[in-house]
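Observations on the three-dimensional arrangement
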Amino acid sequence: MAAFAEPHFSAWTQTVVSNVTVVDKVPPEMLHMVDAHWYQFPPMNPLWHSILGFAIFVLGVVSIIGNGCVIYIFTNTKALRTPSNLLVVNLAFSDFLMMFTMAPPMVINCWHETWVFGPFACELYAMLGSLFGCASIWTMTMIAFDRYNVIVKGLAGKPMTNNGALLRILGIWAFSLLWTLAPLFGWNRYVPEGNMTACGTDYLSQDFTSRSYILIYSGFVYYLPLFSIIYSYIYIIQAVSAHEKNMREQAKKMNVASLRSQEAQNTSTEMKLAKVALVTISLWFMAWTPYLVINYTGIFKAAPISPLATIWGSLFAKANAVYNPIVYGISHPKYRAALYQKFPSLSCQDNSDDGQSVASAATGVSEEKPAA
């Protein structure tokens, strides 16, 4: 009798376990937004929710403090209030809002192991994440174009003015808002992601409307900025390399060690600044590429997507908001000096200060030109 009962009990246990899914804790009012794909997966290990919640909390604190410092220093230091640095402030502002709006809800959801704020908050959360991500990448694209204008065109280029910078910033936010409002009006939609603690675009629906949005949006917010930045930096590197080569040849002809004039020093500094911007942009693409891969995997059904896989897309994307203040804090002499003066305990200042602004797109060149 005991031998007969044991397998019967095991079969009943397997049936009960198999009916427990990752969707079970989702509030009833959210179920219409959850794709049927996720019903096949068992609940995630609570440890993963704890790890994700802790990671997002740390990233949120670092991002809010770091970007807050960047905004405060750049707006309260006269030497840093240049037209080009308005783009840097806009970048920090976008990153600040990204984690200010993304981190607290996600930490709370990780605690509850599901989305607890309702359908509208889910759509708003996803829209804001997409909005700030789009604004960040296009702001960095504008910074790359500004670098191109100063380094490649030099004195022949038209310097950026305050009005020009503000117009670019306005265009960035209008463009970003246009794309991220579209899912709220029927072109794709915002839904809970597989881990059920965050929301994003619907990449599992196979209808033309949903798939077309992902493809076109990625073209304008991922590939176009990527190729524009690559184009800019190819010419930047070529221009600086040619200039350095000419300087070495002239020095050799004159039998001197160096012909480093102030202009040459400025160009050398500009190259360093271009490298900083390139690192920042590279980190952005490293952050958002996993999310793009997840979206493409979904719309093309290239591979099965598990709830655990969606964690990494969320984590990498939100980590982007932490990179920029760290990069600028380490490499920006004037920023370090101002930070040391206002917040000595947060200073990363060293003894060398070349007096140049890393983020300024007109360092040493456009500062000599009038700005509106």
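Above this text is the structure in question.
To keep things clear, this report deals only with the structure shown in the data block. Since we're looking at a predicted model, the values are computed, not measured.

1. Examining the overall build of the protein
Looking only at helices and strands, the protein features 9 helices and 2 strands. When the 372 residues of the protein are sorted by exposure, 50% land in the buried category. Only carbon and sulfur atoms are counted for the fraction: they give 68% of the accessible area of the protein, which is about 18100 Å².

2. Section: a nonpolar patch on the surface
Together, F54, F57, V58, V61, V62, I65 and I326 make up an exposed nonpolar region whose accessible area comes to about 610 Å². Residue position: F54 is located in helix α2 (residues 46–76). Its relative accessible area of 58% is what places F54 among the exposed residues.

3. Regarding the state of the cysteines
Considering all chains together, one arrives at 1 disulfide under this definition. Across the disulfide, C122 is cross-linked to C199 (sulfur-sulfur distance 2.0 Å). Looking down the S-S bond of the C122 and C199 bridge, the torsion is -120°, so its handedness is left-handed. One end of the pair, C122, is in helix α4 (residues 119–151); the other, C199, is in strand β2 (residues 199–201), with 77 residues separating them in the sequence. Residue C122 is classed as buried on the basis of its relative accessible area of 0%.

4. Comments concerning the packing of aromatic side chains
Taken as a whole and judged by the stated rule, the model has 23 aromatic pairs. For the pair W288 and Y291, a centre-to-centre distance of 6.1 Å together with 85° between the ring planes defines the contact as edge-to-face. One end of the pair is W288 and the other is Y291, both in helix α7 (residues 262–300) and 3 residues apart, which spans about a single turn. With respect to class, W288 is no different from Y291; both count as buried. The structure contains a cluster of three or more aromatic residues connected by ring pairs, namely W138, F175, W179, W187, Y213, Y217 and F220.

5. Remarks on the side chain of K318
With respect to the helices and strands, K318 occurs in helix α8 (residues 307–331). We note that K318 is buried and unpaired, the nearest opposite charge coming from E193 at a distance of 5.9 Å. Not counting the four nearest positions on each side in its chain, K318 is found in contact with I56, M99, M102, M106 and Y125.

6. Regarding helix α5 (residues 162–181)
With 20 residues, α5 should reach 28 Å at 1.5 Å per residue; the first-to-last C-alpha distance of 28 Å fits that figure. All buried positions along α5 are accounted for by G164, A165, I169, I172, W173, S176, W179 and T180. Considering only its buried residues, α5 is in contact with α3 (83–112), α4, β1 (190–192) and α6 (208–253).

7. Section: the pattern of salt bridges
Within the structure shown, the criterion is met by 2 salt bridges. As a salt-bridge pair, K25 and E113 come within 2.8 Å of each other at their nearest N and O atoms. Of this pair, K25 sits in the loop between α1 (2–18) and α2 while E113 sits in the loop between α3 and α4, and the two are 88 residues apart along the sequence. A salt bridge links R189 to D202, with the shortest nitrogen-to-oxygen separation between them at 3.0 Å. Note that R189 is positioned in the loop between α5 and β1 and D202 in the loop between β2 and α6, a separation of 13 residues in sequence.

8. Some remarks on the side chain of S63
In this structure, S63 sits in helix α2. With residues near it in sequence (within four places) discarded, S63 still touches G68, D95, M99, A321 and V322.

9. Observations concerning the packing of α4 against α5
Running from N to C, α4 and α5 cross one another at 145°; their axes reach a closest spacing of 9 Å. In the crossing of α4 with α5, the sense of the turn from one axis to the other is right-handed. Residues M127, S130, L131, F132, C134, A135, W138, T139 and M142 of α4 touch α5, and the partners they reach there are R168, I172, W173, F175, S176, L177, T180 and L181. Here the contact of α4 with α5 is built from residues that sort into 12 nonpolar, 4 polar and 1 charged.

10. Comments concerning the environment of T197
Summarising the element assignment, T197 is placed in the loop between β1 and β2. Classification of T197 as buried rests on a relative accessible area of 0%. Separated by 92 residues in the primary sequence, T197 and P105 place their C-alpha atoms 8.5 Å from one another. A distance of 2.6 Å separates the side chain of T197 from the side chain of N195, its partner in a polar contact.

About the thresholds
- Residues numbered from 1 in each chain as written.
- Predicted model: local features only at pLDDT ≥ 70, side-chain atom pairs only at ≥ 80, totals over all residues.
- Heavy atoms only, no water.
- Helix = DSSP H or I, 4+ residues; strand = E, 2+ residues; numbered from the N terminus.
- Buried < 20%, exposed > 50% of the residue type's maximum accessible area, 1.4 Å probe, protein only.
- Areas by Shrake-Rupley, 256 points an atom, 1.4 Å probe, with all protein chains shown as cover.
- Patch = residues over 30% accessible without salt bridge, like charges linked within 9 Å, V, L, I, M, F, W, Y side chains within 5 Å.
- Salt bridge = Lys/Arg side-chain N within 4 Å of Asp/Glu carboxyl O.
- Disulfide = S-S within 2.5 Å.
- Phe/Tyr/Trp six-rings, centres within 6.5 Å; stacked < 30°, edge-to-face > 60°.
- Lys, Arg positive; Asp, Glu negative; His and termini not counted.
- Contact = heavy atoms within 4.5 Å.
- Expected span 1.5 Å × (residues − 1).
- Axes fitted to C-alpha atoms, helices over the stretch in contact; angles between N-to-C directions.
- Left-handed = near helix turned anticlockwise from the far one by under 90°.
- Nonpolar A, V, L, I, M, F, W, Y, C, P; charged D, E, K, R; others polar.
- Polar contact = N/O pair within 3.5 Å; in protein donor to acceptor, adjacent residues only side chain to side chain.

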